Amino acid sequence: MKIGVNVPNFGPGTDPGVLRSWARTVEGLGFDLLMVSDHVAITPDVAGQYPAPFYEPFTTLSWLAGVTDRVRLGTTVLVVPYRHPLLVARMAANLDALSGGRLVLGAGIGWAKQEFDALGVPFEQRGKLTSEYLRAIRAAWADHDDYRAGPIPLWLGGHSDAGLRRAVELGDAWHPLRMTMSGFREGLERLKTLAGDRPVPAFAPRILLRVTGTPVTGPDRRAGEGTLDQVLDDLAQLRALGAETVVLDPFDADPAETLHPEVAWRDLAAVAASWKENR
């Protein structure tokens, strides 16, 4: 099982130098994947969680590709309806080629209604648009003479029945975000049921990384939350459930965290060292 990291590409502490340090830290610790999130218009509903400055994912990953050598690069998740599908297909194919085939395109339908309004995209149709656009992106990638897209993995988020069906129909992996262990198990069972006779996509969850000094208990404990031993046990359970990649998300909702990335780097270093010992 490979392990990735969701890097904050937003917030008061984020600038090009910090992003470069994040990339070199993630790669230097031996993680397999570096991912960033996506917003275009930082409307009030977005700014409450992901305040400016916000570094656009394709631009940011293209730059980080030049300061890294090995780590894969991805989006968690690109909001598909925000951009014309041929533009996404082109940018993704170019980024994959320029990075040496390192792109993972995580995609979802989005949630910020004010941002949809600012972009002139109908919020109520975001699920339908996402499916239509993903089909158009895959069709464009099939034109190898033009787009020259390599085998770009397409990870699809969402845990509704519609989202799970979309992952089965159009995705290479199901990419659920920050759930409890029971939520992941229940989602996987629904995914298999909805797939029926069709192939079940791979499992590539994103989990919280919040290391605490004392155990976190109770049914609402999210995967990746608790002592280092609890985090490692969650990773082992996800591996047993068939996860091919797990993405660690060290951002826990407070934008002020971006002013002190060394806290997240310390926790990531502890997980990396302990996971290597236990593999």
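So, how was this worked out
Residues numbered from 1 in each chain as written. Predicted model: local features only at pLDDT ≥ 70, side-chain atom pairs only at ≥ 80, totals over all residues. Heavy atoms only, no water. Helix = DSSP H or I, 4+ residues; strand = E, 2+ residues; numbered from the N terminus. Rg over C-alpha atoms; globule rule 2.2 N^0.38 Å. Buried < 20%, exposed > 50% of the residue type's maximum accessible area, 1.4 Å probe, protein only. Contact = heavy atoms within 4.5 Å. Areas by Shrake-Rupley, 256 points an atom, 1.4 Å probe, with all protein chains shown as cover. UniProt positions renumbered as here; feature names shortened; annotations may be inferred. Axes fitted to C-alpha atoms, helices over the stretch in contact; angles between N-to-C directions. Parallel < 35°, antiparallel > 145°, perpendicular 65-115°, else oblique. Left-handed = near helix turned anticlockwise from the far one by under 90°. Nonpolar A, V, L, I, M, F, W, Y, C, P; charged D, E, K, R; others polar. Pairing = 2+ DSSP bridges. Core = buried A, V, L, I, M, F, W, Y, C linked by side-chain atoms within 4.5 Å. Phe/Tyr/Trp six-rings, centres within 6.5 Å; stacked < 30°, edge-to-face > 60°.

The name an unreviewed UniProt entry assigns to the protein chain is LLM class flavin-dependent oxidoreductase, from the organism Amycolatopsis mongoliensis.

With that settled, the discussion passes to the overall build of the protein chain. When helices and strands are tallied, the protein chain shows ten helices and eleven strands. For a compact globule of 279 residues, the expected C-alpha radius of gyration is about 19 Å, and the protein chain comes in at 18 Å, within 12% of that figure. Considered along the principal axes of its C-alpha atoms, the protein chain spans approximately 50 × 45 × 35 Å. Looking at the protein chain as a whole, 53% of its 279 residues qualify as buried. For the protein chain, long-range pairs separated by at least 24 residues make up 73% of all intrachain contacts whose partners lie at least 6 apart in sequence. Surface exposure of the protein chain reaches about 12000 Å², of which carbon and sulfur atoms provide 53%.

Following the UniProt record, the feature "domain: Luciferase-like" (unreviewed entry) maps to residues 3–195 here. The span residues 3–195 is 46% helix and 14% strand, and its two end C-alpha atoms sit 26 Å from each other.

Glancing now at the packing of helix α4 (residues 85–98) against helix α6 (residues 126–141). The contact between α4 and α6 brings their axes to 8 Å, and the two run at 50°. Looking at the two axes, α4 sits oblique to α6. Crossing of α4 over α6 shows right-handed handedness. Taking contact as the criterion, the partners of P85, L86, V88, A89, A92 and A93 in α4 are, on α6, Y133, A136, I137, A140 and W141. Considering only residue class, the contact of α4 with α6 consists of eleven nonpolar, no polar and no charged.

Overall, parallel pairing links the nine strands, which are arranged β7-β6-β5-β4-β3-β2-β1-β11-β8 in an open sheet. The outermost strands of the open sheet, each flanked by one partner alone, are β7 (202–203) and β8 (206–208). Both strand β4 (residues 103–108) and strand β5 (residues 154–156) contribute to a ladder of three bridges, which runs parallel. Residue A107 lies in a different strand from β5, and its bridge partner there is L156. Against the sheet, helix α3 (residues 57–65) makes contact with β2 (33–36), β3 (72–79) and β4, and its axis sits at roughly 175° relative to β3, the strand it touches most.

Take the nonpolar core next. Counting 63 residues, the largest nonpolar core has L34, L105, W141, L235 and L248 as its most contacted members. Apart from the residues within four sequence positions on either side, L248 is in contact with I3, G4, V5, N6, F31, I207, L209, L235, L268 and V271. Counting residues in each nonpolar core, the second largest holds twelve residues, with Y50, A112, V121 and L129 among its members.

Moving on: the packing of aromatic side chains. Taken as a whole, this structure holds nine aromatic pairs when the rule is applied. On the numbers, 5.0 Å between centres and 85° between planes, the contact of F10 with Y50 is edge-to-face. Residue F10 is located in the loop between β1 (2–6) and α1 (16–28), and its partner Y50 is located in the loop between α2 (44–47) and α3; the two are separated by 40 residues in the primary sequence. Across the pair, exposure class does not vary: F10 and Y50 are buried alike.

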